[in-house]
Structure formats: C-alpha cells, structure tokens
Amino acid sequence: TSVFVSGANGFIAQHIVKQLLTKGYNVIGSVRSKAKGEELKALIKDEKFAYEIVPSLTEDGAFDDALKKHPEVSVFLHTASPFTFSVNDVENDLMKPAVNGTLNALRAIKEHGPQIKRVVVTSSAVAVFGFGPQFDANKVYNEDDWNPVTYEQALSNPVFGYFGSKKFAEKAAHDFVAKEKVNFGISFINPPYVFGPQAYAIKDKANLNTSNEVVNKLIKLSKGEEIPVEGSVFVDVRDVARAHLVAFEKDEAISKRLLLVSGSYTLDTIANIINKKFPHTTVPKGDESRNSEITKAIHKFDNSRTQKILGFEFKPLEESIVDTVGQIYNA
Ligand code: NDP
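The structure displayed is predicted, hence computed values, not measured ones.

Enquirer: Describe the sheet that holds strand β8 (residues 193-195), listing the residues and the values that go with them.
Expert: The three strands lie next to each other as β8-β9-β11, forming an open sheet whose pairing is mixed. Two strands in the sheet have a free side with no partner beyond their single neighbour: β8 and β11 (263-266). With strand direction ignored, the average angle separating the axes of adjacent strands in the sheet is 55 degrees. Looking at chain direction, β8 and strand β9 (residues 231-236) are connected through three bridges and run parallel. Note on β9: the bridge partner recorded for phenylalanine 195 is aspartate 236. Sheet strands in contact with helix α12 (residues 317-330) are β8, β9 and β11, and its direction is about 60 degrees off that of β8.

Enquirer: Break down the site of the ligand for me, citing the residues and quoting the values.
Expert: As a structural note, the neighbourhood of the ligand is formed by 25 residues, with Asn9, Arg32, Lys36, Tyr162 and Lys166 the closest of them. The separation between an oxygen atom of the ligand and a polar main-chain atom of threonine 79 is 2.8 Å. Against a free-state accessible area of 880 Å², the protein chains account for coverage of 86% of the ligand. Put simply, the parts of the chain that give the shell around the ligand at least two residues each are α1 (11-22), α6 (158-179) and β8. Along the lines of polarity and charge, the residues of the shell around the ligand split into 12 nonpolar, 10 polar and three charged.

Enquirer: Can you lay out empty space enclosed by the protein for me, pointing to particular residues and giving the numbers?
Expert: Scanning the entire structure with this criterion turns up one cavity of 30 Å³ or more. For the largest cavity, the calculated volume is near 50 Å³. Surrounding the largest cavity, His78, Thr79, Ala80, Ser81, Ala98, Thr102, Val121, Thr122, Ser123, Lys166, Ala169 and Glu170 form its lining. Counted by class, the lining of the largest cavity contains four nonpolar, six polar and two charged residues.

Enquirer: Which residues make up the sheet that holds strand β4 (residues 73-78), and what values do they have?
Expert: The seven strands are arranged β3-β2-β1-β4-β5-β7-β10 in an open sheet whose pairing can be described as parallel. Looking at strand neighbours, the two that pair on one side only are β3 (49-53) and β10 (257-259), the edges of this open sheet. Looking at each pair of strands side by side, their axes are set apart by 20 degrees on average, direction ignored. Packed on one face of the sheet, helix α2 (residues 34-44) meets β2 (26-31) and β3 and runs near 170 degrees to β3.

Enquirer: For the packing of α1 against helix α8 (residues 237-249), give the residues involved together with the corresponding values.
Expert: Between α1 and α8, the least distance of the axes is 8 Å, while the angle of their chain directions is 60 degrees. Taken together, α1 and α8 sit at an angle that is classed as oblique. The way α1 lies across α8 gives a crossing that is right-handed. When α1 is examined against α8, the residues Phe11, Ile12, His15, Ile16, Gln19 and Leu20 are found in contact with a partner set consisting of Val237, Arg238, Val240, Ala241, Arg242, His244, Leu245 and Phe248.

Enquirer: Kindly report on α12, identifying the contributing residues and their values.
Expert: Compared with an ideal rise of 1.5 Å per residue, which puts 14 residues at 20 Å, α12 spans 20 Å between its outermost C-alpha atoms and is within 8% of the ideal. Buried residues of α12: Leu317, Ser320, Ile321, Thr324, Val325, Gly326, Gln327 and Ile328, and no others. Those residues of α12 hidden inside the fold are in contact with β8, α7 (213-219), β9, α8, β11 and α9 (267-277).

Enquirer: Let's hear about the pattern of salt bridges: which residues, and what values?
Expert: Applying the stated rule across the entire model yields 20 salt bridges. The partner of glutamate 249 in a salt bridge is lysine 23, with the nearest N and O atoms 3.0 Å apart. Of the two residues, glutamate 249 is situated in helix α8 and lysine 23 in the loop between α1 and β2; the sequence distance between them amounts to 226 residues. Of the residues examined, glutamate 249 reaches a relative accessible area of 33% and is grouped as partly exposed. We note a salt bridge from lysine 315 to glutamate 319, for which the minimum N-O separation is 3.2 Å.

Enquirer: Describe the nonpolar core, with residues and values.
Expert: A general feature of soluble globular proteins is that nonpolar side chains tend to end up buried together. If you look at the biggest cluster of nonpolar residues, it comprises 49 residues, and the most contacted ones within it are Phe63, Phe76 and Val119. Within the residue set of this core, elements represented by two or more residues are α3 (64-69), β4, α4 (90-112), β5 (118-122), α6 and β7 (185-190). Sorting elements by how many residues they give to this core places α4 first, with 10 residues. Excluding its chain neighbours within four sequence positions, the residues that come into contact with valine 119 are Phe76, Leu106, Ile109, Phe184, Gly185, Ile186 and Ser187. Listed in part, the 38 residues of the second largest apolar core include Ala13, Leu21, Tyr25 and Leu245.

Enquirer: How would you summarise the pairing of β3 if you had to cite specific residues and measurements?
Expert: The sheet contact formed by β2 and β3 spans five bridges and is parallel. Bridged to isoleucine 28 within β3 is alanine 50. Crossover handedness for the path β2 to α2 to β3: right-handed.

Enquirer: Break down the side chain of glutamate 52 for me, citing the residues and quoting the values.
Expert: Here glutamate 52 lies in strand β3. With a relative accessible area of 11%, glutamate 52 lands in the buried category. At a separation of 2.8 Å, a polar atom in the side chain of glutamate 52 contacts the side chain of histidine 70.

Calculation notes
- Residues numbered from 1 in each chain as written.
- Predicted model: local features only at pLDDT ≥ 70, side-chain atom pairs only at ≥ 80, totals over all residues.
- Heavy atoms only, no water.
- Pairing = 2+ DSSP bridges.
- Helix = DSSP H or I, 4+ residues; strand = E, 2+ residues; numbered from the N terminus.
- Axes fitted to C-alpha atoms, helices over the stretch in contact; angles between N-to-C directions.
- Contact = heavy atoms within 4.5 Å.
- Near = heavy atom within 4 Å.
- Polar contact = N/O pair within 3.5 Å; in protein donor to acceptor, adjacent residues only side chain to side chain.
- Areas by Shrake-Rupley, 256 points an atom, 1.4 Å probe, with all protein chains shown as cover.
- Nonpolar A, V, L, I, M, F, W, Y, C, P; charged D, E, K, R; others polar.
- 1 Å grid on protein atoms, 1.4 Å probe; cavity = no way out; pocket = protein on both sides within 12 Å on 5 of 7 lines; lining within 4 Å.
- Points joined across faces, edges and corners; volume = space filled by probe spheres on them.
- Parallel < 35°, antiparallel > 145°, perpendicular 65-115°, else oblique.
- Left-handed = near helix turned anticlockwise from the far one by under 90°.
- Expected span 1.5 Å × (residues − 1).
- Buried < 20%, exposed > 50% of the residue type's maximum accessible area, 1.4 Å probe, protein only.
- Salt bridge = Lys/Arg side-chain N within 4 Å of Asp/Glu carboxyl O.
- Core = buried A, V, L, I, M, F, W, Y, C linked by side-chain atoms within 4.5 Å.
- Right-handed = clockwise from strand over helix to strand, strands pointing away.

Geometric values such as these leave the question of function open.
Put into structure tokens, the structure is as follows:
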C-alpha cells in the first residue's frame, strides 16, 4: 500500500512517515521545495520513501500533478497547514493555505485519485474547543463540539486566526464530502498541544516547532526566572502519528473526528518533571500550588469515543516531557 503524506517534513508528519515505513507502507511525501525534499530523504534513509514538490497549497490544482504521477497511492493524509502565530496577514498566511489547501487536496483526490479509498485530515482541538470569551469552564468538550469562532473574529489576530484556519479547513472538508460524490472514507484528527521528540533529529534547538516551543521556552529559562502562569491540554506526537494510521486502517474511524487528548499540564508541573529527571537543568522549580487556579481555565474533555476507536492508551505527560527534553539536552 502507498500512502501520500502532505507536508511530510513537518513535526507530526515525520512521525507519521516513520511509523508508516516501519509498518511496511510505501510513502510519497509532499514538501515545498527540492531542498526540503532532499533534506528529508537524507534524514529518513529508506527506499520506501519518495517525495514530490508541491510549492503552494493555495494554487489551483496544487496536488494534481503529484497524484497523477502516483496512481498507486490508495491513502492520502493531509497534514500540511501553517502552524504559527507570527504572521502579518491572517487571511493570506493562515486561513487560505489551511482552507484552500484542504480543498485542493480533496479536489485532486476526487479528480485524479479515484483509487484512493481513505483520507485523513489533520485538524486540531482548536476546531473543537472555544477560547477567550468563547471558552466555557463548565462544559465537558467532546467529539461533537465546534469552536464557535466566526471567520471575521478569526481575522482579528493571529491566534484566533490559527484557530479559525483549523476550524474552517475542517468544515470545508466536511462540506466537500457531503456535497460531492467521493470514493473515499474520510477521518479527522483533532489534537491539542502536541509534545514529544522529533522523529529523526533536531535541526535547530533554538527554534522548535510551535507546540514544542512551549517546553523549549522553559528550557531556555535560568534558575531564578519566573515560570509563566500557563497550562492547557496535550498529547504526545507518537500517539498523534499512530492515530493517523488507525484512522485509515480501521473502518470504525470513517467519518469520525478523533479528539486526541492525553491530559492537562501546567508549566509548573512540566518544570518539576524536568527538575526531577534532569538534576543539572537550569529550569527553575515549578510552584504547583498554582495548578488548581490555572486548571480553571483549561478545557474539560471526554474523548471516550475516540479512545474506543483507537484502542491504545495515550502516553502520560511525564514520558512525553522526559523524551522531548532528553532529546533537546542531547542535541
Ligand atoms: P510543522 O510546522 O512542523 O509542520 C507544518 C507542515 O505544513 C510543514 O510541512 C510545512 O511546510 C507545511 N506548511 C505550513 N504552512 C504551509 C504553507 N503556507 N504552504 C505549504 N505548506 C505549509 O507543524 P506540526 O507538525 O505541528 O503541524 C502539522 C499539522 O498538525 C498542521 O495541520 C497543524 O495545524 C496540526 N496540528 C498541530 C498541533 C501541534 O500542537 N503541533 C496541534 C493540532 C494540530 P514547511 O516546512 O515548508 O513550512
């Protein structure tokens, strides 16, 4: 079986590619340039991996040529989407690549990949949860929920812009399969903050991917510095990758949203895990007496339906943090 992975050089995608190759799948990954493709090939070192260049997600027909060249592909995993809060133009830098990129992928599959039977779209827990004034502290969020953010609210700043980009991209995919006659089953992966080691090697430990910077910004602190008052929910990247495989391997996942939440964290708890496991760290000790207050602003969740489909346990915070930090310290 050949699996197409868009944005194959991303943090999550590299783990997906690694797990696919380990299980014997052939992988075609899309990247934006030849340089990125060659860099990735050199990291992966596996003949079952090949790349195609898709320079822009927003160009009409973006994925057409890549799929025409690979009639052997029967599974398409769409992970490529901007995950950054540093943009100047929310609509062009976040919304359009997310929404039009998803639609371009689905159109290419419909037109040029009739043999493709399964599609998985990497959405996000930010398409499920509400934030800011739309956060509901009493609500137990589950797989049926949608972030109430409107398109106009999303344009107001890059944080809401990222949230909106994921919500409206996922919505566009649901609408596409509802309206068009398609040959494939589709599933959605909705993770919150994703922590964990890089699949292959760290490229630049000063700047990790956006979600691991949550951990990395603690690593960059010195003793005596303040730990920011902050917490949220998380999942480990190896579980996110594994869920992408389950999503196309199991029929129970068709038309489902998989809400991948392991549990909650605060930066104080993470700081204490680091101090316990890495005695020579410069990270200050956390003050976990603040946790109950911080936790009031963290989403409550019930993802029992997701857990039943997946059939595996999520890695706990300590394991995820120890592996993330160990790799940074050794890099
Ligand atoms: P990375 O930034 O590591 O990877 C993002 C991937 O998307 C890269 O391949 C990147 O290519 C590509 N990409 C980004 N913007 C564009 C664009 N404008 N045009 C073409 N390609 C683009 O992020 P993650 O691995 O963390 O994220 C992967 C997916 O998972 C995304 O869909 C993200 O929204 C989702 N997600 C991530 C979470 C997390 O906490 N990490 C949580 C929930 C969802 P390039 O390297 O060339 O920039």
